[in-house]
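# Analysis of the macromolecular model
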Amino acid sequence: IFSLIYNLILHINHYCVLGMICILDTGKELHMQIFNGKGVFGGIAIGKISLYRRKEKKIKRNHIDDIPAELDRFEEAKRTAIKQLQELYNKALAEVGEANAAIFEVHQMMLEDEDYLDSITNIIKTQSVNAEYAVGTTGDNFAQIFSSMEDAYMKERAADVKDISERILTVLSGGSQQVINTNEPVIVLADDLAPSETVQLDKDKVLAFVTQLGSTNSHTAILARTMNIPALISVNMELSEEYDGVLAVVDGYTGSIYVDPDEDTLTKMKKKQAEDLEKKALLEQLKGKENITLDGKKINIYANIGNSNDIANVLKNDAGGIGLFRSEFLYLEKSDYPTEEEQFSIYKTVAENMAGKKVIIRTLDIGADKQIDYFNLEHEDNPAMGYRAIRICLDRKELFKTQLRALYRASAYGKISIMFPMIISVTEVKEIKAIVEEVKAELKNQGIPYSDVELGIMIETPAAVMISDLLAKEVDFFSIGTNDLTQYALAIDRQNPRLDKIYDSHHKGILRMIKMVADNAHANGIWMGICGELAADLSLTETFLSMGIDELSVSPSLILGLRKKVRETNVDEVKTKILKDI
Ligand code: PEP
Ligand code: MG
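Residues numbered from 1 in each chain as written. Chains lettered and ligands numbered in written order. Predicted model: local features only at pLDDT ≥ 70, side-chain atom pairs only at ≥ 80, totals over all residues. Heavy atoms only, no water.

### Focus on the site of ligand 1
- Surveying the vicinity of ligand 1 reveals 14 residues, the closest of which are R326, R362, G481, N483 and R494.
- Side-chain polar atom of R326 to an oxygen atom of ligand 1: 2.8 Å apart, as the coordinates give it.
- Here an oxygen atom of ligand 1 and a backbone polar atom of G481 are 3.4 Å apart.
- For ligand 1, whose free accessible area comes to 290 Å², the fraction covered by protein is 98%.
- At the level of secondary structure, the elements contributing two or more residues to the shell around ligand 1 comprise strand 11 (321–326) and helix 18 (482–490).
- Counting residues per element, the shell around ligand 1 draws most heavily on helix 18, at 3 residues.
- The residue inventory of the shell around ligand 1, partitioned by class, reads 3 nonpolar, 4 polar and 7 charged. (Near = heavy atom within 4 Å. Polar contact = N/O pair within 3.5 Å; in protein donor to acceptor, adjacent residues only side chain to side chain. Areas by Shrake-Rupley, 256 points an atom, 1.4 Å probe, with all protein chains shown as cover. Helix = DSSP H or I, 4+ residues; strand = E, 2+ residues; numbered from the N terminus. Nonpolar A, V, L, I, M, F, W, Y, C, P; charged D, E, K, R; others polar.)

Here it is, written out as structure tokens:
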């Protein structure tokens, strides 16, 4: 099993549960019931529920006389299973992309694993038993070993081992894995769905997924997002037969499912659905289009996210990458420091889901308004100017190194860039780079793979703006944090509602700073962007384009609107006047 574990470590984090599917056909009258879960992909679906339950497979233990023939039978079944997986991989590759298809490659690899195969053939030989029994027993044994492991990634591999074993069992029994058995599109209600089950479903027949289990990063969720299907997970709903065939409404935005909706609810939800579709249709037209001005200037439009759950929206809105992943939310959501492993798994998932597009992850930026109990930070009179962000990281090097290790490890799975917040000096950047080198050296010594990572800094203090020519020589990119830059440049607490009226990001002081940073970046051959809220301000899009800003990173839902604005702008026409006025 150790070679299998090792191979899995090198492979991609995927989840699987298995089993065959059956549809029960009852359909009783109910009164409206509302169940809640977590929406992992927005949208409204209205249709009948189709209940899925796994058939219990009883494996018999039979005595076998002709051992070589039984071994051949197993070999043949294994070959068929591998062929099926190859076909599934190709199907998934075409439909949902490489990152999501990779699970089937992992399963093929597991099916060829020596330890796994040895265990099966040994049981057949030493116990003179049928292949089904040997496969079932090996699957159970291996799954148990995996699920008893501490590491979350390894724990989840238990389901994969079961999935591959189930596949061979299905082949041995002469069956094929079932697909949806209905003519009309349905809301699929299941305890959980394995990726292999999900991609085998006829997409035209699935209106939504509703599962009792599943995590936001499970493949069901990932595939649902990529397939553009509303999906709810962790729904507090029994898999009761009485729901099968009953009309329901799934609201992927609120995470609710209305079973047997009353007239009022149905009318309301139909309206919500129509509005949603209308909005989507309008924006859809911009998907796949370039962020290019009328006179041919291009700009990158990326997304800001707070955790990996946001990826659904990122993909839905066709972001060119992730311009700001506020990693502190991982810390904020927890009651204790997230481990290297936990962080690694999240960064890796994000990198994989973005499938080669740039993912800029900002290192921990706590302090000020983002306080975390377990950090035990002392009370400060002026926390916005206090012990926060990179200051904490440089002070608590181990904490910083844990995050950097997780980030570098994840870099082997996608295109990760790292960005450091609240920089005020070249000395800080040099110190950071020295720590980064230590981390890289450690990983190298341990034989842990990592890729080239762009290192950038947030420009969000006036000091950083003023020395941006010097800082540009130290890093690969800049991203301007206009939220903090405005508060520090104007001396206006961004948290204070009384000062909201004068918190003016359009202030010439701010615009000049942005221009200065852009000029210094470009003079030194690096790219620069804006990831503060101002990036999405459409009244400044022409200004940013005139300054030659390379990237704007905004909330996922604002991407297509911004793309529209960019495509309507003629920079040459407005540039001279705009720059003169700043
Ligand atoms: C900013 O300061 O503009 C920024 C993007 O970071 P945050 O809002 O997380 O401080
Ligand atoms: Mg900031």
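### Structural notes on the sheet that holds strand 16 (residues 527–530)
- What the 8 strands build is a closed barrel, ordered 10-11-12-13-14-15-16-17; its pairing is parallel. Each strand of the sheet is rotated relative to its neighbour by a mean of 25 degrees, with strand direction disregarded.
- Bridge analysis of strand 10 (residues 300–305) against strand 11 gives 3 bridges, and the strand direction is parallel. Across the sheet, N304 pairs through a bridge with L324, a residue of strand 11. (Pairing = 2+ DSSP bridges. Axes fitted to C-alpha atoms, helices over the stretch in contact; angles between N-to-C directions.)

### So, the pattern of salt bridges
- Inspection of the entire model under this criterion finds 36 salt bridges.
- One salt bridge in this structure joins K272 and D251, with 2.7 Å as the shortest N-O distance. Within this pair, whereas K272 is found in helix 9 (residues 263–284), its partner D251 is found in strand 8 (residues 247–251), the two being separated by 21 residues in sequence.
- Residue class for D251 comes out buried when judged on its relative accessible area of 1%.
- Here D581 and K577 are joined by a salt bridge, their closest N and O atoms 2.9 Å apart. Placement of the pair is D581 and K577 together in helix 22 (residues 571–581), with a separation of 4 residues, close to one helical turn.
- Looking at K577, the relative accessible area reads 56%, which means it is exposed.
- Salt bridges sharing partners connect three or more residues here, namely E340, E341, K397, K401, R405, R409, E438 and E442. (Salt bridge = Lys/Arg side-chain N within 4 Å of Asp/Glu carboxyl O. Buried < 20%, exposed > 50% of the residue type's maximum accessible area, 1.4 Å probe, protein only.)

### Examining the pairing of strand 12 (residues 358–362)
- For strand 12, the buried fraction is high: 5 of the 5 residues fall into the buried class.
- Relative to strand 12, strand 11 is paired through 4 bridges, and the arrangement is parallel. Within strand 12, the residue paired with R326 across the bridge is R362.
- Strand direction decides the pairing type here: strand 12 and strand 13 (residues 415–420), joined by 5 bridges, are parallel. Bridge pairing links V359 to I416 in strand 13.

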